[in-house]
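Results of the structural survey
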Amino acid sequence: MKKLVVVIALLAPFALSCSYFFKETLNVKQVVAKKEEMDRSGNPAYKFLATRDLAEKRVQVRNVTVKDVIVSGNIDYEFCVLVSVPYEKGMIDCYIYSRELKTVSTLVKGTTKIDAVGDFGRFFTLLDDAYTKIEIINADITILKEK
């Protein structure tokens, strides 16, 4: 019995860390579709649960051009990579936060194409022409090679 407790105690952190790698990954259009579903609902409890469900998912953007690299407004990160993804109702701005400073430092605004995948952070809006904005945190950024 004691051996079983020790084995479980040793394996628990490993099992919890593995769940990070097995999160469901959504693309930006799927995430925005979920937001539109939440906006149509008048039930705040549904909106809360849907947002919490999204927080357990990863968001992926593929083959996008870096719009800008700015100083972060999120206190947990130094810099933010801005990209825009086209959507039928307007542009979706993605604010990508990563701890990969060396990668972020090599990005060239308007030129570099990247793939990024990270945890869903939140939706937010500002007074501009973007349809919506998505915060992606703990992101892994891959610079795409030019052909």
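Our subject is the structure that appears above.
Residues numbered from 1 in each chain as written. Predicted model: local features only at pLDDT ≥ 70, side-chain atom pairs only at ≥ 80, totals over all residues. Heavy atoms only, no water.

**Some details on the overall build of the protein chain**
Secondary structure assignment for the protein chain yields 4 helices and 6 strands. Going from the N terminus to the C terminus, the protein chain shows its helices and strands as α-β-α-α-β-β-β-α-β-β. Expressed as a percentage of its 147 residues, the buried residues of the protein chain come to 36%. Entry remark: accessible area of the protein chain is about 9,600 Å², with carbon and sulfur atoms responsible for 60%. (Helix = DSSP H or I, 4+ residues; strand = E, 2+ residues; numbered from the N terminus. Buried < 20%, exposed > 50% of the residue type's maximum accessible area, 1.4 Å probe, protein only. Areas by Shrake-Rupley, 256 points an atom, 1.4 Å probe, with all protein chains shown as cover.)

**With respect to the side chain of Glu135**
Secondary-structure assignment places Glu135 in strand E6 (residues 132-143). Setting aside chain neighbours within four positions, we find Glu135 in contact with Asn74, Tyr95, Tyr97, Asp119, Phe120, Gly121, Arg122 and Phe124. (Contact = heavy atoms within 4.5 Å.)

**Re the nonpolar core**
Soluble, globular proteins show a tendency: their nonpolar side chains are buried together. In terms of nonpolar packing, the biggest core is built from 28 residues, with Val28, Val61, Val81, Cys94, Ile96, Ile114 and Ile134 touching the most fellow members. Elements supplying a minimum of two residues to this core: helix H2 (28-40), helix H3 (44-55), strand E2 (58-71), strand E3 (79-87), strand E4 (90-97), strand E5 (113-124) and E6. Residue contacts for Val61: discarding those within four places in its chain leaves Val28, Val85, Cys94, Ile96, Asp115, Ala116 and Ile136. By size, the runner-up hydrophobic cluster in this structure holds 6 residues, among which are Tyr77, Tyr95, Tyr97 and Phe124. (Core = buried A, V, L, I, M, F, W, Y, C linked by side-chain atoms within 4.5 Å.)

**Description of the packing of H2 against H3**
Here H2 crosses H3 at 165°, and the two axes come no closer than 9 Å. Our classification of the angle between H2 and H3 gives roughly antiparallel. With respect to the hand of their crossing, H2 and H3 are arranged in left-handed fashion. Here Lys34, Glu37 and Met38 of H2 lie close against H3, whose contacting residues are Tyr46, Lys47, Ala50, Thr51 and Leu54. Tallied by class, residues from the contact of H2 with H3 come to 4 nonpolar, 1 polar and 3 charged. (Axes fitted to C-alpha atoms, helices over the stretch in contact; angles between N-to-C directions. Parallel < 35°, antiparallel > 145°, perpendicular 65-115°, else oblique. Left-handed = near helix turned anticlockwise from the far one by under 90°. Nonpolar A, V, L, I, M, F, W, Y, C, P; charged D, E, K, R; others polar.)

**As for a nonpolar patch on the surface**
Residues Val71, Phe79 and Leu101 make up a contiguous nonpolar surface patch of roughly 280 Å² in combined accessible area. Judged by its relative accessible area of 36%, Phe79 is partly exposed. (Patch = residues over 30% accessible without salt bridge, like charges linked within 9 Å, V, L, I, M, F, W, Y side chains within 5 Å. Salt bridge = Lys/Arg side-chain N within 4 Å of Asp/Glu carboxyl O.)

**Here's the deal with the side chain of Ser98**
Structurally, Ser98 can be placed in the loop between E4 and helix H4 (101-105). Here Glu100 takes part through its backbone nitrogen, which lies 3.1 Å from a polar atom of the side chain of Ser98. From its side chain, Ser98 meets the backbone oxygen of Ala139 in a polar contact 2.9 Å long. Leaving out residues up to four positions away in the same chain, Ser98 has contacts with Tyr77, Ala139 and Ile141. (Polar contact = N/O pair within 3.5 Å; in protein donor to acceptor, adjacent residues only side chain to side chain.)

**With respect to H3**
Over its 12 residues, H3 extends 17 Å from the first C-alpha to the last, a length consistent with the 16 Å expected when each residue adds 1.5 Å. The opening residue of H3 is Asn43, an N-cap whose side-chain oxygen sits 2.8 Å from the backbone nitrogen of Ala45. (Expected span 1.5 Å × (residues − 1).)

**Section: the pairing of E6**
Relative to E6, E4 is paired through 5 bridges, and the arrangement is parallel. Within the sheet, the bridge partner assigned to Cys94 lies in E6 and is Ile134. Pairing analysis gives 9 bridges linking E5 to E6, with the strands arranged antiparallel. In the sheet register, Phe120 faces E6, and the bridge partner there is Ile136. (Pairing = 2+ DSSP bridges.)

Any functional reading would require information that these geometric values do not contain.
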